[in-house]
Amino acid sequence: MFEKQRINNRVTASRIKYFLNFIGLFYRQPSLDPSSPDRIRRLEAFQKLGMGMFIHFNSATFQYADQKMDWPYGVIDNRDPRYRFFSPSEFRISQIDFKQWAAVAKSAGCKFAVLTAKHHEGFALWPTAASPHSIANSPYRGDIVREYVDTMRGAGIIPGLYFSIMDFHHNITEKGVSSQQKAFIKEQLRELLTGYGPVPYLVIDGWGSTWGGPRFSQLDYGEIADFVHSIQPDTLILNHSCECSYEHTDVIMFENTAGQCIPKGFQGYGVAGNILTSAWFWKYSDPNAKLRSAEWAVREKLIPMNRQGVVFMLNVSPNQQGRIDSNVAEVFRQIGELRGV
């Protein structure tokens, strides 16, 4: 209970800081090292994409479909009785409609997508050799990451990947990171960066975040960033640490759903994610839920964000049949209409 309250306090403090930054108090425009023209070129190219699709599809699609939560918030040890163990056998799906995902993305004019290859629970959507906790030991006969990247590229959409450092199954939390756990993180990143072609955009979460995960003092940002760039030098890291700074990321990532507004004075290279439904992952109630509108997405989010150099990334939550619900798909189609795509 004490640990959960401590995290709640940290999130509350962060939201106050976000608000003060938004209205201009204590806000300083983040500076970017201009010494790498190639990096600036890649940042400018990302900025011009305007909008992308975030795809939350993983163990939580099955594990928490009947709850408001997406993951066990406040848990920092998998021996905590509130931790809910997930077995790969629970990933009960036989086929996924990747082509529909790509079609929905294209209907809204999305130029790129990002898939949750591994979320906070720790389940890998590729057959990782680093752990048995993966798609290889589920009823699904295939490699979801492979099928996703191939389908998106075939549709002309740039495929990016999401990787959570925080990993409940393997007990990588804010309690610390052992040398063995650090090697495990690097091995899984190596697999993703060597097995699936170019990964232009890598969203990293659960690392220096207000909601948990190792601190940068426990797992050095430079060490992991250098490791990523040693394999794929052109990969842009979009680190979900909620800092309005380039210190621990290549692209500043704003967590809109956690109350992090883009400061009014911000002009730079950023990305902000948001949801149409009530949560990031699919819920049983989603097919009949009242969604945020296309007008909200375009007028209140996309256009103002793009004016500040921030890319808008709108989430979809594929269901337990591997498809995006028709109500969500319809809002994406309407977004495309409003954008004239």
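Owing to the predicted nature of the structure, the values given are computational and were not obtained by experimental measurement.

Peer 1: Whenever I open this one, helix α8 (residues 294-307) confuses me. Can you help?
Peer 2: Count 3.6 residues to each turn of an α-helix, and residues three or four apart come out pointing the same way. End to end, α8 covers 18 Å across 14 residues, agreeing with the expected 20 Å (1.5 Å per residue, within 8%). Roughly 25 degrees is the biggest bend found in α8, and it falls at K301, with proline P304 one to four residues downstream. Within α8, burial applies to A294, W296, A297, V298, K301, L302 and M305. Close packing links the buried residues of α8 with β1 (51-55), β7 (270-274), β8 (310-316) and α9 (326-339).

Peer 1: For this particular structure, what's the right way to read the packing of helix α4 (residues 98-107) against helix α5 (residues 144-154)?
Peer 2: Working note: a packed helix pair is described by the angle between its axes plus the distance between those axes. With their axes 9 Å apart at the nearest point, α4 and α5 run at an angle of 45 degrees to one another. Considering their axes alone, α4 and α5 lie oblique with respect to each other. Between α4 and α5 the crossing geometry is right-handed. Contacts from F98, K99, W101 and A102 of α4 reach α5 at I144, E147, Y148, T151 and M152. Taken together, the residues of the contact of α4 with α5 sort by class into six nonpolar, one polar and two charged.

Peer 1: I would appreciate a short explanation of the nonpolar core in the present structure.
Peer 2: One recurring pattern in soluble globular proteins: nonpolar side chains tend to sit buried together. By size, the foremost hydrophobic cluster in this structure holds 101 residues, and its most contacted members are F46, M53, I55, F91, I144 and F332. Within the second largest apolar cluster, seven residues are counted, among which are Y83, M166, F168 and W211.

Peer 1: What should I look at first to understand the sheet that holds strand β6 (residues 252-255) in this one?
Peer 2: What links the strands of a sheet is backbone hydrogen bonding, and the strands pair in either a parallel or an antiparallel sense. If you walk across this open sheet you meet the eight strands as β5-β4-β3-β2-β1-β8-β7-β6, and the pairing is parallel. Edge positions in the sheet fall to β5 (236-239) and β6, since each has one partner strand and no second. For this sheet, the mean angle separating the axes of adjacent strands, direction not counted, is 25 degrees. Where β1 meets β8, five bridges bridge the pair, whose relative direction is parallel. Paired with I55 across the strands is V316, a residue of β8. Relative to β5, helix α2 (residues 37-47) is tilted by about 60 degrees, and along the sheet it contacts β2 (112-118), β4 (201-205), β5, β7 and β8. The sheet strands contacting helix α6 (residues 179-195) are β2, β3 (158-164) and β4, and the helix crosses β3 at an angle near 170 degrees.

Peer 1: Explanation requested: the pairing of β7 in the structure shown.
Peer 2: As a general feature of sheets, a regular strand has side chains that alternate between the two faces. Here β7 lies mainly inside the structure; five of its five residues are buried. In this sheet, β7 lies alongside β6 in parallel orientation, the contact comprising four bridges. Across the sheet, residue M253 finds its bridge partner in β7, namely V271. Bridge count for β7 against β8 is five bridges, and the pairing is parallel. If you follow N274 over to β8, its bridge partner there is L314. Crossover β7 to β8 through α8 is right-handed.

Peer 1: Would you mind showing me how to read the environment of N274 here?
Peer 2: Summarising the element assignment, N274 is placed in strand β7. When the C-alpha positions of N274 and T210 are compared, they lie 17 Å apart, and in sequence the two are 64 residues distant. Look past the residues within four positions of N274 in its chain and what remains in contact with it is N256, T257, W280, R292, W296, K301, F312, M313, L314 and N315. Only 3.4 Å separates the side chain of N274 from the side chain of N256, close enough to count as a polar contact.

Peer 1: Can you help me understand the pattern of salt bridges in this one?
Peer 2: A pair can form between side chains of opposite charge whenever their charged atoms are brought close. With the rule as written, the count across this model stands at 16 salt bridges. The structure contains a network of salt bridges with shared partners spanning D38, R41, R42 and D234.

Peer 1: So what exactly am I meant to see when it comes to the side chain of N315 here?
Peer 2: Looking at the element boundaries, N315 is found in strand β8. The class for N315 is buried, based on a relative accessible area of 2%. Those residues in contact with N315, other than ones at most four positions away along the chain, are F54, I55, H56, N274, I275, A279, W280 and F332.

Peer 1: Help me understand unusual backbone geometry, please; the structure alone is not making it clear to me.
Peer 2: The phi angle of most residues is negative, glycine excepted, and most peptide bonds adopt the trans form. One non-glycine residue, N171, adopts positive backbone phi at about 55 degrees. Along the chain, N171 falls in the loop between β3 and α6.

Peer 1: Could you clarify how one ought to interpret the environment of R141 in this entry?
Peer 2: Here R141 is to be found in the loop between β2 and α5. Classification of R141 as exposed rests on a relative accessible area of 62%. Sequence spacing of R141 and I93 is 48 residues, and the spatial spacing of their C-alpha atoms is 9.2 Å. Within the structure, R141 has its side chain in polar contact with the backbone oxygen of A136 (distance 3.3 Å). Here S138 takes part through its backbone oxygen, which lies 3.0 Å from a polar atom of the side chain of R141.

Conventions adopted
- Residues numbered from 1 in each chain as written.
- Predicted model: local features only at pLDDT ≥ 70, side-chain atom pairs only at ≥ 80, totals over all residues.
- Heavy atoms only, no water.
- Helix = DSSP H or I, 4+ residues; strand = E, 2+ residues; numbered from the N terminus.
- Expected span 1.5 Å × (residues − 1).
- Bend = angle between axes of the 7 residues up to and from the residue.
- Buried < 20%, exposed > 50% of the residue type's maximum accessible area, 1.4 Å probe, protein only.
- Contact = heavy atoms within 4.5 Å.
- Axes fitted to C-alpha atoms, helices over the stretch in contact; angles between N-to-C directions.
- Parallel < 35°, antiparallel > 145°, perpendicular 65-115°, else oblique.
- Left-handed = near helix turned anticlockwise from the far one by under 90°.
- Nonpolar A, V, L, I, M, F, W, Y, C, P; charged D, E, K, R; others polar.
- Core = buried A, V, L, I, M, F, W, Y, C linked by side-chain atoms within 4.5 Å.
- Pairing = 2+ DSSP bridges.
- Right-handed = clockwise from strand over helix to strand, strands pointing away.
- Polar contact = N/O pair within 3.5 Å; in protein donor to acceptor, adjacent residues only side chain to side chain.
- Salt bridge = Lys/Arg side-chain N within 4 Å of Asp/Glu carboxyl O.

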